[in-house]
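# A look at the structure
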Amino acid sequence: MARPAHVNATPSPSVTAREPVPPHQLSGGAAVAEWADERIGGAKLGRGLIRKVFPDHWSFLLGEIALYSFIVLLITGVFLTIWFKPSMSETEYDGSYQLLKGIPMSEAFASTLNISFDVRGGLLLRQVHHWAAILFVAAALVHMLRIFFTGAFRKPREINWLIGVGLLSIAMVEGFAGYSLPDDLLSGTGLRFVDGLIRSIPLVGTWLEFFIFDGQYPGTAIVPRLYMVHILLVPALLVGLVTAHLTLIVYQKHTQYPGPGHTEENVVGYPLFPVYMAKAGGFFFIVFGVLVLMGGLMQINPVWKFGPYTPNQVTAGSQPDWYMGWVEGAVRIMPNWEWHIGHTTWSWNIFLPGVGLMGLLFTVLAAWPFVEDWITGDRQEHHILDRPRNVPTRTALGVAGMTCYAMFWLAGGNDIIATHFSLSLNAITRFMRIAVFVAPVIAYHITKRMCLWLQRRDQERVLHGSETGVIIRTPDGGYYEPHEPITVEEAFVLTQHNERDILDPTDGAGVLDERTKVSKRRAALSRWFLADSLAKPTAAEIAAAHEHEAAELHGEAHDDDGHEIEAFTEQAALEQERDARALTGGPGAR
């Protein structure tokens, strides 16, 4: 359509622009919004934010579950803060729970019993708070596994990965601090375990213990100090890191899975407002509702059964929250390695599996994006996620790490396993000492073989289509199964991933070339990481496979002299159709 010509004419009163409505004539909400916009300019920022597009996939809900669990923790934590007394001063219990009436205990434990039995809704919110803490750590861990297996940590998201590692580690500290506050016998046992970890640090362990506990364990200051850490310090760090994490997601745009129309330059999904906000709001109330149901129907941490903490007692069969069980398992199966140098004792049997193993885990997690980048030489930005099968070595390493964690976690319950299955505790301990090394290796090789098998299956689907499940008999007595071509969309998903080249330190003629800046060790690691992946079918291979399938579909073949002949007569085709109906149970089946 042609653009209208510009005409110099005096506009009539009926077409002149209307004057803006004075602020005092706007409605209440609109007037407040305009007042704020004139001073802070939020409208421009808000317009861009509410139209921000986010992709839609079920795995992205894992991070939302962690976020919503954290919000529930903040809400329920405010309620519990009102009634909890963070004091280790001794008092005599005079509450509603008759079995502990008259028993001396700390004010922290007495206030926990008071919240549970005397405050309306207190026990419900205590249990909701505890379940939310467990769900928060679990969702954060599974969310990080999703990011690891799909390669969402690659450039430009390395900083966000480091923030996620920090969130996970701080969340574990926050969970332990809240777990220790009631000052019951179970939480005191866990606190005694941590005291042993602190004391095992060479040279400075004893000094750190006296500094943290304000004297000899257990002292009278640890609960008030943990309380301040739990309600002020760590929540502030978590809020700051969560804010930074979400800000980077908005700034860098969200990753997305391979699919039709999905490129490194765009995001296919729904805008933040109104679609995503409505879905996110509904999902928040679903998570909140599930946590309330769990708090109301599933008992957790019944402190009145354990009683007040006494340093010379330990609860039989005591177990920490699941996210700390792997550390206890590592300590339980560690051999008794100690050094005695002068007047000092170096307890490697406590320090290495406890402090050292946790440090090793978070160091490896933080360093992995940079290690993989160095091995592969990949410097490109990635906004399309990997399918785990297409990076078999990374996927196998991840499963091996999960298997090692599971072995340590099981070792943390060796006494429970021994009593429930009537097994020898020593035999279980010796088995776990071997399993933590052997099981990850087995899991690595099985996972890598499975990834390569899935790659071959994808390759077969692209070249030959999907199996129809129909067996057809030929006139000469043979049988075959026809394949149905897959859709263009599926073929795009199966072939969208980028193939990485193995780093080569030579000049192409087998002579080492220093200008490549690739050492032999780096080239060997690159070959180990990338060599086993199957090459994607080329366009020529796909076209040839489709031509072959088309020829079979039309019943064309060739004789020995190269002349084209009809493979089936009309009568044979009718018999073939009748046999197919018989196999599928359709009309005309015999």
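The text that follows walks through the structure, step by step, so that each part is easy to find. (Residues numbered from 1 in each chain as written. Predicted model: local features only at pLDDT ≥ 70, side-chain atom pairs only at ≥ 80, totals over all residues. Heavy atoms only, no water.)

### Notes on the overall build of the protein
The helix and strand tally for the protein stands at 20 helices and 12 strands. Relative to its full complement of 590 residues, the protein shows a buried share of 40%. For the protein, restricting intrachain contacts to residue pairs at least 6 apart in sequence, the fraction spanning at least 24 positions comes to 72%. Total accessible area on the protein stands at roughly 34100 Å², and carbon and sulfur atoms take up 64% of it. (Helix = DSSP H or I, 4+ residues; strand = E, 2+ residues; numbered from the N terminus. Buried < 20%, exposed > 50% of the residue type's maximum accessible area, 1.4 Å probe, protein only. Contact = heavy atoms within 4.5 Å. Areas by Shrake-Rupley, 256 points an atom, 1.4 Å probe, with all protein chains shown as cover.)

### Observations concerning the side chain of Asp 378
Along the chain, the position of Asp 378 falls in the loop between helix 13 (348-376) and helix 14 (392-411). Buried charge without a partner: Asp 378 forms no salt bridge, and the closest opposite charge is Arg 500, 4.2 Å away. There is a polar contact of 3.1 Å between the side chain of Asp 378 and the backbone nitrogen of Gln 380. The residues touching Asp 378, leaving out its near neighbours within four places in the chain, are Asp 373 and Arg 500. (Lys, Arg positive; Asp, Glu negative; His and termini not counted. Salt bridge = Lys/Arg side-chain N within 4 Å of Asp/Glu carboxyl O. Polar contact = N/O pair within 3.5 Å; in protein donor to acceptor, adjacent residues only side chain to side chain.)

### Here we look at the pairing of strand 6 (residues 344-347)
Of the pairings in the sheet, the one linking strand 5 (residues 338-341) to strand 6 comprises 4 bridges and is antiparallel in character. The residue of strand 6 that forms the bridge with Trp 339 is Trp 346. Following strand 5, the chain reverses through 2 residues before pairing antiparallel with strand 6; Gly 342 in that reversal takes a positive phi of roughly 65°. (Pairing = 2+ DSSP bridges.)

### Things to note about a nonpolar patch on the surface
Taken together, the side chains of Ile 434, Phe 437, Val 438, Ile 442, Ile 446 and Met 450 make up a nonpolar region of the molecular surface, amounting to roughly 620 Å² of accessible area. The exposure class assigned to Val 438 is partly exposed, which follows from its relative accessible area of 40%. (Patch = residues over 30% accessible without salt bridge, like charges linked within 9 Å, V, L, I, M, F, W, Y side chains within 5 Å.)

### Regarding the nonpolar core
Residues Phe 136, Trp 161, Leu 291 and Phe 408 are the most contacted members of the largest nonpolar core, which totals 67 residues. Apart from residues lying up to four places away in sequence, Leu 291 is in contact with Ser 69, Val 72, Val 128, Trp 131, Ala 132 and Leu 135. (Core = buried A, V, L, I, M, F, W, Y, C linked by side-chain atoms within 4.5 Å.)

### A few points about helix 16 (residues 425-464)
Given a rise of 1.5 Å per residue, 40 residues ought to cover 58 Å, and the 55 Å separating the end C-alpha atoms of helix 16 matches this to within 8%. Taken as a whole, helix 16 carries its principal kink of about 45° at Ala 435. Where helix 16 terminates, the next one or two residues include Gly 465, which has phi positive at roughly 85°. (Expected span 1.5 Å × (residues − 1). Bend = angle between axes of the 7 residues up to and from the residue.)

### Here we look at unusual backbone geometry
For the bond running from Tyr 217 to Pro 218, omega is 0°, close enough to zero to count as cis. Residue position: Pro 218 is located in the loop between helix 8 (205-213) and helix 9 (222-252). The step from Phe 273 to Pro 274 runs through a cis peptide bond, and the omega angle for that step is 5°. Tracing the backbone shows Pro 274 in helix 10 (residues 272-297). Even without a glycine there, the phi angle at Asp 214 is positive, about 60°. By the element assignment, Asp 214 lies in the loop between helix 8 and helix 9. Backbone geometry places Lys 253, a non-glycine residue, at a positive phi of 70°. Position of Lys 253 relative to the elements: it lies in the loop between helix 9 and strand 4 (270-271).

The values reported here are purely geometric and, on their own, carry no functional implication.
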